[in-house]
Each structure stands twice: as C-alpha cells, then as structure tokens.
Amino acid sequence: QVQLVESGGGLVQPGGSLRLSCAAPRTIPGIKVMAWHRQLPGKEREFVAAMAGGGDTRYADSVRGRFTISRDKAIKTAFLQMNSLSTAETAVYYCRFGGAWGDYWGQGTQVTVSS
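Predicted model only: the values in this text are computed from it and were never measured.

The rules we used
- Residues numbered from 1 in each chain as written.
- Predicted model: local features only at pLDDT ≥ 70, side-chain atom pairs only at ≥ 80, totals over all residues.
- Heavy atoms only, no water.
- Pairing = 2+ DSSP bridges.
- Helix = DSSP H or I, 4+ residues; strand = E, 2+ residues; numbered from the N terminus.
- Axes fitted to C-alpha atoms, helices over the stretch in contact; angles between N-to-C directions.
- Disulfide = S-S within 2.5 Å.

A. Examining the sheet that holds strand S1 (residues 5-7) more closely. Read across the open sheet, the 4 strands follow the order S1-S3-S8-S7; overall the sheet is antiparallel. Lying at the two open borders of the sheet, with one neighbouring strand each, are S1 and strand S7 (67-71). When the angles between neighbouring strand axes are averaged without regard to direction, this sheet yields 15°.

Pasting the structure below:
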C-alpha cells in the first residue's frame, strides 16, 4: 500500500489562491490517472479534477477555469492550483493516484476559505 502525502492546505481569504501538492513516496509504475477530490462539511466526497497518463485533463464544472491540475515530469507529484476560491469551497481536499492496481489516496488536507 502506498500513502500519498498532501500539502499546501490552509486558511485563505475569499478570492485568494492556494496550491496543493500530492507526493508519492516513490515512483509508482502504471499510473493511469492523478486526481483531486474534496469533501465539503456534511457532504459526500466529490470529484474536482483529473489528469490522465497522456496528459489530458478533466474538471468539475464548478472549478473549470479557476483550478488547474498539473504534475511533475517524474509523474510522482501532482499539483492543484486553485484560484478565486469561495467560502463554499471550504473542504478537505484529497488526492488519488489510480492504475490497474487500484487507487491510492492521500490523507487529505484542509482548505478553509474565510475572511
């Protein structure tokens, strides 16, 4: 089992930006997707963004144009640049690396948007 490690969460004012990182402890062969999800208070976990192995990206409608998913060349770390954050996006953000072997998840990082 691989535990992904997220970082970059914290407190930000409405309209502000944060950049989340998700690192694997080692290179994982066969990654087919790197993705971000979030869980708002009292809600189910929801999809935010994903990048396929070939580099294609997909976003939830609510974040398209404001969030950008990327990765490093080693395909070991994923990033989520979040701009124009709103208070409604206060949540725990999780990263996921998926492959034929299943999914690895991070422990989650808290993002709080508040003035």
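Continuing now.
B. Summary view of the state of the cysteines. One pass over the structure, following the stated rule, counts 1 disulfide. Sulfur-sulfur distance for the disulfide between Cys 22 and Cys 95 comes to 2.0 Å. Here Cys 22 and Cys 95 share a disulfide; its torsion about the S-S bond, 60°, makes the bridge right-handed. Here Cys 95 lies in strand S9 (residues 91-99) and Cys 22 lies in strand S3 (residues 18-23), a separation of 73 residues in the sequence.

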